[in-house]
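# Per-entry structural report
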Amino acid sequence: MCKDAIVFFNKPEGVELVAGETYQFCMCGRSADGLFCDGSHEGTGCEPKAFSVEKSKAYQLCRCKSSDNLPFCNGNHSYYADSAVGKKVISD
Ligand code: FES
């Protein structure tokens with residue numbers, strides 16, 4: 001997790017990913033779709049995370065930016081109420 005990230009949304013999104021492709025996951029929560037890097041992290045302390053998958057299928061990608069298994073959702077979004085969207089992530 002990036003401590004300068006903001007909560008893009010408090011639920012994950014199912015995204016079809018293709019095996020072998022390299023994706024740049026948005027770690028800052030400021031990209032237009034909250035999923036993939038579009039350069040919006042400029043000036044934050046966050047950098048995108050490159051990842052790929054071994055199997056082509058739909059994956060639940062984290063949009064709260066607080067999963068312990070980024071880029072994948074692990075349920076940590078349950079810590080965030082709707083009012084937390086757009087605010088800084090809880091970091092310990
Ligand atoms: S959306 Fe971040 S843990 Fe589920």
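What comes next concerns the included structure. (Residues numbered from 1 in each chain as written. Predicted model: local features only at pLDDT ≥ 70, side-chain atom pairs only at ≥ 80, totals over all residues.)

## Side note on the nonpolar core
Core analysis: the biggest nonpolar cluster contains 16 residues, and Cys2, Ala5, Cys26, Met27, Cys28, Cys46 and Cys62 have the highest contact counts within it. Not counting residues up to four positions away in its chain, the partners in contact with cysteine 28 are Cys2, Asp4, Ala5, Ser40, His41, Thr44 and Cys46. (Core = buried A, V, L, I, M, F, W, Y, C linked by C-beta atoms within 7 Å. Buried ≥ 20, exposed ≤ 12 C-beta atoms within 10 Å, placed from the backbone. Contact = placed C-beta atoms within 7 Å.)

## Re unusual backbone geometry
Here leucine 70 and proline 71 are connected by a cis peptide whose omega angle stands at 15°. Note that proline 71 resides in the segment after strand 4 (57-61). Despite not being glycine, lysine 65 shows a phi value in the positive range, around 70°. Positionally, lysine 65 belongs in the segment after strand 4. (Helix = DSSP H or I, 4+ residues; strand = E, 2+ residues; numbered from the N terminus.)

## Thoughts on the environment of proline 12
Assignment of secondary structure puts proline 12 in the segment before strand 1 (13-17). Owing to 20 C-beta atoms within 10 Å, proline 12 belongs among the buried residues under this scheme.

No statement about biological role is implied by the geometric values presented.
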